Amino acid sequence: NAGVTQTPKFQVLKTGQSMTLQCAQDMNHNSMYWYRQDPGMGLRLIYYSASEGTTDKGEVPNGYNVSRLNKREFSLRLESAAPSQTSVYFCASSGQWPYFGPGTRLTVT
Amino acid sequence: DAKTTQPPSMDCAEGRAANLPCNHSTISGNEYVYWYRQIHSQGPQYIIHGLKNNETNEMASLIITEDRKSSTLILPHATLRDTAVYYCIVRVSNDYKLSFGAGTTVTVRA
């Protein structure tokens, strides 16, 4: 039982490049989330998916797209990366309470 | 979701109990109090949650006042590995949103 896994762990992008952050959970949870955490700040919700086939915007969705590929997987895509998107990205899935993945540390230069 | 207020930081001596306060004066009747912690930029880790009764598990105890406007997380015997940022969050159970504030930075000193 791996819980919530995220790939990659680290990534460096140049401004304007695109990439997809992958997240998978093996706990059969319906709800999944993407958060970002900037240095010294709390987590902010980017997008969430209450169930397979549905997605909704959170607090800071601009510059991101998501795909709930199936019940297990929820990906986050940056179409044209900007330095302001330098952050640590956490995926979570929720049963009785949310479980978080280890994070992806993204730097955009 | 109701907002929460926590002190920005606190110190604790190793081996002593750490009592972390949280105010949530606008909490609704169907909102639970959740506690998470984050150790050095790892993913947040669930600690405990409760509605109105006091709760205890292997990690901590949660004391919720009778009017539910505040709560205290108790780490009974703090260790150096408990140094972390602790977040108090109120949330409707099974709601998909979990709003994090700034939390309390707890430093356990030898």
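The model shown is predicted, which means the values in this text are computed figures rather than measured ones. (Residues numbered from 1 in each chain as written. Chains lettered and ligands numbered in written order. Predicted model: local features only at pLDDT ≥ 70, side-chain atom pairs only at ≥ 80, totals over all residues. Heavy atoms only, no water.)

Right, let's get into the overall build of chain B. Within chain B, the regular secondary structure consists of zero helices and nine strands. When the helices and strands of chain B are read in sequence order from the N terminus, they spell out β-β-β-β-β-β-β-β-β. Its C-alpha atoms give chain B a radius of gyration of 13 Å, near enough to 13 Å, the size a compact globule of 110 residues would have. Projected onto its principal axes, the C-alpha positions of chain B cover 40 × 30 × 25 Å. Across chain B, the fraction of contacts at a sequence separation of at least 24, relative to all contacts at a separation of at least 6, is 56%. Accessible surface for chain B amounts to roughly 5600 Å². Of this, 48% is attributable to carbon and sulfur atoms. Averaged over its 10 positive side-chain charges, chain B has a centre that lies 3 Å from the centre of its 10 negative ones. (Helix = DSSP H or I, 4+ residues; strand = E, 2+ residues; numbered from the N terminus. Rg over C-alpha atoms; globule rule 2.2 N^0.38 Å. Contact = heavy atoms within 4.5 Å. Areas by Shrake-Rupley, 256 points an atom, 1.4 Å probe, with all protein chains shown as cover. Lys, Arg positive; Asp, Glu negative; His and termini not counted. Charge placed at Lys NZ, Arg CZ, Asp CG, Glu CD.)

Moving on to the sheet that holds strand β4 (residues 45-50) of chain B. Residues and elements named next belong to chain B. Taken in spatial order, the five strands line up as β1-β9-β8-β3-β4 in an open sheet, and their pairing is mixed. Pairing within the sheet leaves two strands with one partner each, and these edge strands are β1 (9-13) and β4. Between one strand axis and the next, the sheet turns by 25° as a mean value, whatever way the strands run. Judged from the eight bridges that link them, strand β3 (residues 31-38) and strand β8 (residues 84-92) form a sheet pairing that is antiparallel. Note that in β8 the partner of Gln38 across the bridge is Val85. (Pairing = 2+ DSSP bridges. Axes fitted to C-alpha atoms, helices over the stretch in contact; angles between N-to-C directions.)

Before going further, it helps to examine the pattern of salt bridges. Residue and element names in this part refer to chain A. Considering all chains together, one arrives at five salt bridges over all chains under this definition. The partner of Asp38 in a salt bridge is Arg36, with the nearest N and O atoms 2.8 Å apart. A residue is classified by how much of its surface remains accessible, and Arg36, at 8% relative accessible area, is buried. Note that Asp38 is salt-bridged to Arg44, the shortest N-O span being 2.6 Å. Using a relative accessible area of 26% as the deciding quantity, one classes Arg44 as partly exposed. Taken together, the shared-partner salt bridges connect Arg36, Asp38 and Arg44 into one network. (Salt bridge = Lys/Arg side-chain N within 4 Å of Asp/Glu carboxyl O. Buried < 20%, exposed > 50% of the residue type's maximum accessible area, 1.4 Å probe, protein only.)

Let's shift gears to the confidence of the model for chain A. Summary statistics for chain A give a mean pLDDT of 94 and a share of 99% for residues scoring 70 or more. Mean pLDDT values for the elements of chain A range from 92 in strand β10 (residues 98-100) of chain A up to 98 in strand β8 (residues 74-78) of chain A. (pLDDT = per-residue confidence, 0-100.)

Right, let's get into the environment of B:Cys12. Residues and elements named next belong to chain B. Its location among the elements puts Cys12 in strand β1. For Cys12, a relative accessible area of 9% corresponds to the buried category. Sequence-wise, Cys12 and Cys88 are 76 residues apart; in three dimensions their C-alpha atoms are separated by 18 Å. Not counting residues within four places of it along the chain, the set of residues in contact with Cys12 comprises Ala17, Ala18, Ala78, Thr107, Val108 and Arg109.

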